[in-house]
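This is what each chain is made of:
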Amino acid sequence: MRLFVAGLGTETNTFASFPTGLADFRARLWVDGDVLSATPGPGIAPVQHWVRRGRALGWEVVEGLCARAAPGGVTSGAAWVALRDHLLGQVAAAGPLDAILLYLHGAMVAEGCDDCEGDLVTRLRALVGPGVRIGVELDLHAHLDHVLVAAADLVVIYKAYPHIDYSARAEDLFVLMQRTLAGDVRPVMALFDCRTMGLFPCTWPGPMAAFVAAMTAAEGRDGVLSLSLNHGFPWADVPIAGAKMLAVADGSAAVAAAAAAAFGRRFYAIRKAALLPFTPFGEAIAEAARGRPGERPLMLLDTSDQVGSGAPGDTTHVLRALIAAGIRNAAVVPLWDPLAVGVAFSLGVGGRARLRIGGKFEPQSGPPLDVPAEVLFLRRDAFQNQLETERIALGDIAVLRVEGIEVMLTTRRVNLYDPSMFALHGIDIATKQVIAVKNLFKQYDLFGPLVRGQLFVATPGTSNPDWTSLPFRRLPRPIWPFDPDPLGLD
Ligand SMILES: [Zn+2]
């Protein structure tokens, strides 16, 4: 067997004013061949898994480009065409292939292209013809529609949010591809549009854990090979947005359609209970101020400025509010500010200066904070741990003391994944009243035992979770929560 593997993705927030260009892919993850040489992480681990699995079976594995940019604004048209044509050129040069496995994100929007993944796989299909099997793995925050489903043979989507299962889903896809190539199964896919938009974490107390368990239990039974709920990415104003239920059946379009509709309707019925609740900004700061000595810290999740939703990660609203509320025993992590990190390195540990922090990148970054600061900790090429063996690069970091609050500045736009973000860089969260991070749900399970609560805070910013307040114009309507009952099933 000859297998081609590659990866490409970013998650596009169409409300972010800053573009995503080729340089952003090169800066974040760019591995062109020799995939196994890269540090394992969420952007490449599935492709590395496929390379190892294929070679262990004696297959010839051809490695294409693996590139990812941090979530951000719309990808430039030139960057998209360059990336797409680079991958197509690699497949054309690879010679005869039996299969292609692609690790895509699924929510990449470029100038002139609302559906980059659909465009890529459609062109790939035209290039290789109907005889080559194409399998695609997507993040569950994707925009999935019939274009991609029609062009691919197999699509498998993460089931877990937080995303701890990208390598497990890569294995699912590999096994299905192996069985397809062997003639053991004949995959047929169907999609059901749930007409729903939102954030639906799978480990929040609520119905999603049971829904995921039900999907897993139904796989491999009654002709159903695979089930995936694509949650959709809610900060993108595109006509293919929204949650979709995907079913892969063995040889039967009717079985696939029935499974997609049954699970799609089941998700629709729980959508309100499954939606992550948000806390108004003022309420969250008031709760933070109620902390007592000896209590575990309260965790504030600055959802509107979280990099994982395409926001800059440099707003100062939460830091400013903590200072105004008189809260001093706190940590604010991370805040993206390469300029201020550079000044901190010039000052050195123990150095003091009046610094301008944050609020620099785009109009929605809000005002910067001009404050006296003391440098507590510096590290070049810092990282945090991810899962058991992976790492997330942070770039260079500086930990400052600002009005008594410990603030970590980074040169890379990055989310918090793991407590090592604090522990490796001199911040003891056990002694804090408040830890404020620019995150959504990634950290929820790991930090549960370490904090007294986690509040998802709707601050001002690029990825504000009050979707009905955003200037959407191109969404498919009707769609919940903009329309109360689009499927008429309530
Ligand atoms: Zn995601």
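Refer to the preceding data block for the structure.
Let me sum up the structure you'll find in this document. Remember, predicted model here, so these are calculated numbers, not experimental data.

Criteria and thresholds
The residue numbers shown here count from 1 along each chain, following its written sequence. Reporting of local features is limited, given that this is a predicted model, to residues whose pLDDT is at least 70; pairs of side-chain atoms are given and counted only at 80 or more, and all residues count toward the totals for whole chains, interfaces and linings. Strands are runs of DSSP state E lasting at least 2 residues, helices are runs of H or I lasting at least 4, and numbering of each runs from the N terminus. Two things to know: the radius of gyration comes from C-alpha atoms, and the globule rule equals 2.2 Å times the number of residues to the power 0.38. Whether a residue is buried, exposed or partly exposed is read from the other C-beta atoms within 10 Å of its own C-beta, which are placed from the backbone; 20 or more gives buried, 12 or fewer gives exposed, and intermediate counts give partly exposed. The contact rule is simple: place each C-beta atom from the backbone, and if two of them lie within 7 Å, those residues are in contact. In this analysis, strands are considered paired if DSSP registers two or more bridges between them. Only the stretch in contact is used when a helix axis is fitted, and all axes are lines through C-alpha atoms; the angle between N-to-C directions ranges over 0 to 180 degrees. Any angle that is under 35 degrees is reported as roughly parallel, and any over 145 degrees as roughly antiparallel; angles of 65 to 115 degrees are reported as roughly perpendicular and all others as oblique. Here a crossing is taken to be left-handed if its near helix is turned anticlockwise relative to the far helix by less than a right angle, and right-handed if that turn runs clockwise. Whether a crossover is right-handed depends on one test, that the path from the first strand over the helix to the second runs clockwise when the strands point away from the viewer. To estimate how far a helix should reach, multiply one less than its number of residues by 1.5 Å. Here the arc refers to the set of directions running from the helix axis out to each C-beta atom.

### Digging into the overall build of the protein
When its secondary structure is counted, the protein shows 13 helices and 18 strands. Over its C-alpha trace the protein gives a radius of gyration of 23 Å, about what one expects of a compact globule, namely 23 Å for 490 residues. With respect to the three principal axes, the spread of C-alpha positions in the protein is 65 × 50 × 40 Å. Each of the 490 residues in the protein was classed as buried or not, and the buried ones make up 55%. Intrachain contacts of the protein at a sequence separation of at least 6 include 75% that bridge at least 24 residues.

### Things to note about the sheet that holds strand β3 (residues 60-68)
Read from one edge to the other, the open sheet built from six strands follows the order β2-β3-β1-β4-β5-β6, with strand pairing classed as mixed. What marks the edges here is a single partner per strand, and that holds for β2 (29-32) and β6 (154-157). Pairs of neighbouring strands in the sheet enclose a mean axial angle of 15 degrees, with direction left out of account. Relative to β6, strand β5 (residues 133-138) runs parallel, the two sharing four bridges. When the bridges of β6 are listed, L138 appears paired with I157. The sheet contacts of helix α3 (residues 77-93) involve β1 (2-9), β3 and β4 (99-104), and relative to β3 the element is tilted by about 175 degrees. Its contacts with the sheet put helix α4 (residues 116-128) on β4 and β5, and the angle it makes with β5 is roughly 165 degrees.

### Concerning the sheet that holds strand β7 (residues 187-193)
Within a sheet, adjacent strands bond to each other through the backbone by hydrogen bonds, running parallel or antiparallel. Across the sheet, three strands lie side by side as β7-β9-β8; this open sheet has antiparallel pairing. Looking at which strands have only one partner, the edges of the open sheet turn out to be β7 and β8 (224-230). The mean inter-strand angle of the sheet, taken between neighbouring strand axes irrespective of direction, is 15 degrees. Across six bridges, the pairing between β8 and strand β9 (residues 244-250) is antiparallel. Paired with L227 across the strands is A247, a residue of β9. Seen against the sheet, helix α8 (residues 253-274) touches β7, β8 and β9 and runs at an angle of roughly 150 degrees to β9.

### Description of the packing of α3 against α4
Two elements in contact, α3 and α4, have axes whose closest approach is 10 Å; the angle formed by their N-to-C orientations is 30 degrees. Of the possible angle classes, the one that applies to α3 and α4 is roughly parallel. Where α3 crosses over α4, the two elements pack in a sense that is right-handed. Two secondary-structure elements touch here, α3 through W80, R84, L87, L88, V91 and A92 and α4 through C116, D119, L120, R123, L124, L127 and V128.

### Concerning the pairing of β5
Summarising burial for β5: six of the six residues are buried, a large majority. Side chains R133, G135 and E137 of β5 all project onto a buried face; the interleaved residues I134, V136 and L138 project onto the opposite face, where all are buried too. Direction of pairing for β4 relative to β5: parallel, over a ladder of five bridges. Within the sheet, the bridge partner assigned to I100 lies in β5 and is I134. Between the parallel elements β4 and β5, the chain passes through α4 in a crossover that is right-handed.

### With respect to α3
With 17 residues, α3 extends 24 Å between its outermost C-alpha atoms, agreeing within 8% with the 24 Å of an ideal straight helix rising 1.5 Å per residue. Of the positions making up α3, those classed as buried are A79, W80, L83, L87 and V91. Here the buried residues of α3 occupy an arc of 105 degrees about the axis, which is enough to place them on one side. Across from the buried face of α3, at angles greater than 90 degrees, the exposed residues are A78, A92 and A93. Buried residues in α3 make contact with β1, α1 (22-28), β3, β4 and α4.

On their own, these measurements won't tell you what the molecule is for.
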